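Examination of the molecular architecture
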Amino acid sequence: MATTPIEVSFKNGEYEVMRMIHSQQTVSVKALSFVDSLVVDVLSRVSHQARRLASDANKHTVTINEVQQAVHLVFPERLAIFANSQAQNTMDTFLKHSYEYAQTLAEDDDAEGSPSPSLKHKKPTTKAVLAGIQFNVGTCYQLLKQQQKHSPESSTTPNNHLKVSRGAPVYLAAVGEYVTAELSELSGCCAFDQKRMKLLWSDVVLAIRNDEELLKLVGDKLLQLESSFKPSPQPHGDQPVEEDDPEVPDRPINSAALEEEGVTQDIDADSDPLSP
């Protein structure tokens, strides 16, 4: 079943994760775009499977359970176990901090009937902050809510009506962060082996090809990306120099305001309860 095109990006969170894994390394623009394309592809496939599972079970809401099962369908066995384990730990943190934050607001309202000066000027907390992750939860919500085209020949009903529980996009964001960390750790080691402090997209390719399970996970997308990322041949037979690829600036590419907007508009409007 084909899906309508939806343009999403996690470059902001991916850059932060990559710098946390190898803080002494810089990241090239192409390397970040390469990783982003792989992560978006993986999360899109997980989201598609999660919606399909919910639709086949005649459910009206995509919950954490569907996302967890979808990870097992998309990921190789070992990666699926680690991805779900990290995502579950993230959900535990999210639930704990959400409860504490709600208690703080309730206690303040009960104290004098109006917010305290410290809380009046406090910036609204996003779900990513409560979960302790870098990925934009609002973007994951968009993936899970992605509209689907219904084929007349298909016996299944379109799942455009499906809702998304408040915990499902947080879980999906944690899975994406795990994939980014895996790619970053292995590709960073490849760059170190080449005695370079700058991570290039070719390091990501080499890291994937040296890891059997990562290759199973992103192999098809890798072949598509390699052809589009290869430098064009230079005149006079000169070899293209990939090191000319500029570094990513210190600040993330996407503005923080965009993340706030995505979270508040796309997720907080959905009142479905958190999945257990």
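Keep in mind the model is a prediction, meaning the values are calculated, not measured. (Residues numbered from 1 in each chain as written. Predicted model: local features only at pLDDT ≥ 70, side-chain atom pairs only at ≥ 80, totals over all residues. Heavy atoms only, no water.)

**Remarks on the overall build of the protein chain**
This is how it is decided: Helix numbering and strand numbering both begin at the N terminus, where a helix is a DSSP run of H or I of at least 4 residues and a strand a DSSP run of E of at least 2. Residue burial is assigned from relative accessible area. The probe radius is 1.4 Å, only protein chains are included, and a residue is buried under 20% of its type maximum, exposed over 50%, and partly exposed in between. Note on definitions: a residue-residue contact is assigned when non-hydrogen atoms from the two residues lie within 4.5 Å. Residue exposure ignores everything except the shown protein chains as possible cover, and the areas themselves are Shrake-Rupley values with a 1.4 Å probe.
Helix and strand content of the protein chain: eleven helices and four strands. Evaluated residue by residue, the protein chain yields a buried proportion of 46% over its 276 residues. Taking the contacts inside the protein chain whose residues are at least 6 apart along the sequence as the reference set, 79% of them involve residues at least 24 apart. When the accessible area of the protein chain is evaluated, it comes to approximately 14300 Å², of which 51% is carbon and sulfur surface.

**Quick word on the packing of aromatic side chains**
The following threshold applies: Two rings from Phe, Tyr or Trp (for Trp, the six-membered ring) form a pair when their centres sit within 6.5 Å of each other. Planes less than 30 degrees apart are called stacked, planes more than 60 degrees apart edge-to-face, and all others tilted.
A full pass over the atoms with the stated rule returns two aromatic pairs. The interplanar angle of 15° and the centroid separation of 5.0 Å between the aromatic rings of F10 and F135 together place this pair among those described as stacked. Note that F10 is positioned in the segment before α1 (11-21) and F135 in the loop between α6 (127-131) and α7 (137-144), a separation of 125 residues in sequence. Accessibility classification places F10 together with F135 in one group, the buried group. Considering the side-chain rings of F34 and W201, the 5.5 Å spacing of their centres and the 35° angle between planes classify their relative orientation as tilted. Here F34 is found in helix α2 (residues 29-56), whereas its partner W201 is found in helix α9 (residues 201-209), with 167 residues between them in sequence. For the pair F34 and W201, a shared accessibility class is recorded, and that class is buried.

**Description of the pattern of salt bridges**
Our working definition: By salt bridge we mean one thing: a side-chain nitrogen of Lys or Arg within 4 Å of a carboxyl oxygen of Asp or Glu.
In the structure shown here, the tally under the stated rule is seven salt bridges. R45 serves as the salt-bridge partner of D41, at 3.0 Å between the closest nitrogen and oxygen. Highlighted residues: D41 and R45, both in helix α2, separated by four residues, approximately one helical turn. Residue R45 is classed as partly exposed on the basis of its relative accessible area of 28%. Between K59 and E66 there is a salt bridge, with its nearest N and O atoms 2.7 Å apart. Using a relative accessible area of 34% as the deciding quantity, one classes K59 as partly exposed. On the accessibility criterion, E66 (3% relative accessible area) is buried.

**Structural notes on the packing of helix α3 (residues 64-74) against helix α8 (residues 168-193)**
Just so we agree on the cut-off: Fitted lines through C-alpha atoms give the axes, limited to the stretch in contact for helices. The angle between two N-to-C directions lies from 0 to 180 degrees. Roughly parallel covers angles under 35 degrees, roughly antiparallel covers those over 145, roughly perpendicular covers 65 to 115, and oblique covers all other angles. Crossing chirality is assigned from the near helix's rotation relative to the far helix, an anticlockwise turn below a right angle marking it left-handed and a clockwise turn marking it right-handed.
As a packed pair, α3 and α8 sit with axes 8 Å apart at the nearest point and diverge in direction by 25°. With respect to α8, the axis of α3 lies roughly parallel. Considering the relative orientation of α3 and α8, their crossing is right-handed. Residues I64, V67, Q68 and V71 of α3 form the contact with α8, whose participating residues are A168, Y171, L172 and V175.

**Quick notes on the nonpolar core**
The condition is simple: Joining through side-chain atoms within 4.5 Å is the link that ties buried Ala, Val, Leu, Ile, Met, Phe, Trp, Tyr and Cys residues into a set, and such a set is a nonpolar core.
With 66 residues, the main nonpolar core has F34, V46, V67 and F75 as its most contacted residues. A per-element tally of this core places α2 first, with 13 residues.

**Examining α3**
Under the convention used in this document: Throughout, the arc means that of the directions going from the helix axis to the C-beta atoms.
Listed in full, the buried residues belonging to α3 are I64, E66, V67, A70, V71 and V74. Within α3, the buried residues cover an arc of 160° as seen down the axis, which keeps them to one side.

**Examining the confidence of the model for the protein chain**
Condition: One number per residue, pLDDT, summarises how confident the predictor is, and it ranges from 0 to 100.
In the predicted model, the protein chain carries a mean pLDDT of 79, and the fraction of residues at 70 or more is 70%. Counting interchain partners and residues more than four positions distant, the pLDDT-below-50 stretch residues 148-157 has 16 contacts. Confidence drops under pLDDT 50 across residues 252-276; counting only partners more than four residues distant or on other chains, this segment forms 51 contacts.

**With respect to the side chain of D211**
Note the following rule: When charges are tallied, Lys and Arg are placed among the positive residues and Asp and Glu among the negative ones, while His and the ends of the chain are skipped.
Note on placement: D211 falls in the loop between α9 and α10 (212-229). Buried charge without a partner: D211 forms no salt bridge, and the closest opposite charge is R78, 4.1 Å away. Sequence-distant contacts of D211, that is, excluding residues within four places in its chain, are made with R78 and L186.

**Digging into unusual backbone geometry**
Notably, N58 is not glycine yet its phi reads approximately 60°, a positive angle. Note that N58 resides in the loop between α2 and β2 (61-62). The residue K195 is not glycine, and still its phi comes out positive at about 60°. Here K195 is to be found in the loop between α8 and β4 (198-199). On the basis of relative accessibility, which here comes to 78%, the residue K195 falls in the exposed class.

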